[in-house]
Every structure is written in C-alpha cells, then in structure tokens.
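# Coordinate analysis (summary)
Here is what each chain is made of, one letter per residue.
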Amino acid sequence: GTDAAVYVYKDGMPAELGKVGSGGTDYPLAKHDSYLYTASDHWICKNIVTEEGIEIVEGAMIEYDSNGKETFYYASQEMKANHEISSTEIDELMNHLYEERENAEVIYFDTIQK
C-alpha cells in the first residue's frame, strides 16, 4: 500500500492536515484540482483537500464478513456517514469514481537514497 501525510502551507509554514492511504501499485494516490483519490480493490474515495483538512466528498466500499457475505456502502459530504446500498448501486458508483480517478494525475514519490 501507499501511505502519505498531507501538508498545506498556512502562514508560510507547512502544516499537516492528516494521513491518507491507498491500496498499492494498482491504486496510486491521484489528484485532480483539489480532489485527492484514494482506492483499493474493494473501496474508493474522492476526498477534498482544503486548508482545513481532508474530507470525503464521495466514497464507495464493499465489506466482507467472515462468511464472505458482501455488504455495500456509500458515503458523501451530504450524508456524513456510510449508508448501506444495493449491489446495483455500488457497481454504478464505484465505476463512476474509478473512471474519474483514471483521469486524475498520479502522485509520484521520489526514492530517498544515501
């Protein structure tokens, strides 16, 4: 996976907004405008980055219980929490978010060497 701390400049000084993660080389962190996309095999989030923090604009997730039963969730700025949705809705929402993410710019990190 990829983990990163997000910073902004406040009064000319860097200030940490929070930490984000993404699910590895298939799902690098990506940005478009002030949106930051984080994703993995079973979830994706479109986050907004402001001077105040990182907030989920939209997110969709498939959760599996110990028996492999799937439950589908969606969250948005308006709802402020995950809401259970149908399998049809999750497919549509996740496809839409993954398509948006494909048009975003991948965030690359440099390797630190001695």
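Now for a quick tour of the structure. Because the structure is predicted, anything quoted here is derived from the model rather than measured. (Residues numbered from 1 in each chain as written. Predicted model: local features only at pLDDT ≥ 70, side-chain atom pairs only at ≥ 80, totals over all residues. Heavy atoms only, no water.)

## Describing the side chain of Thr 71
What counts is decided by this rule: By definition, any uninterrupted DSSP run of H or I lasting at least four residues is a helix, any uninterrupted run of E lasting at least two residues is a strand, and each is numbered from the N terminus. What makes two residues a contact is simply this: any of their non-hydrogen atoms within 4.5 Å.
Position of Thr 71 among the secondary structure elements: in strand 7 (residues 70–76). Setting aside its immediate chain neighbours within four residues, Thr 71 contacts Met 61, Ile 62, Glu 63 and Glu 84.

## Some details on the sheet that holds strand 4 (residues 35–39)
This is how it is decided: Two strands qualify as a pair provided that DSSP identifies no fewer than 2 bridges between them. Axis lines are fitted to C-alpha atoms, over the contacting stretch for helices. Their N-to-C directions set the angle, which ranges from 0 to 180 degrees.
One open sheet holds the 7 strands; their spatial order is 8-7-6-5-4-3-9, and the pairing between them is antiparallel. In the strand order of this sheet, the two ends are held by strand 8 (83–85) and strand 9 (105–106), each with one partner. Sheet topology note: the strand 7/strand 8 ladder contains 3 bridges and is antiparallel. Residue pairing for strand 8: Phe 72 is matched across the bridge by Ile 85. Relative to the sheet, helix 1 (residues 87–102) contacts strand 3 (30–32), strand 4, strand 5 (43–50), strand 6 (53–64), strand 7 and strand 8, its axis offset from that of strand 6 by approximately 135°.

## Regarding the pairing of strand 5
As defined by bridge partners, strand 4 adjoins strand 5 across 5 bridges and the pair is classed as antiparallel. From the neighbouring strand, Thr 38 faces strand 5, where its bridge partner is Cys 45. Hairpin connection from strand 4 to strand 5: 3 residues lie between these consecutive antiparallel strands. With 8 bridges joining them, strand 5 and strand 6 adopt antiparallel strand pairing. Of the residues in strand 6, the one forming a bridge with Ile 44 is Ala 60.

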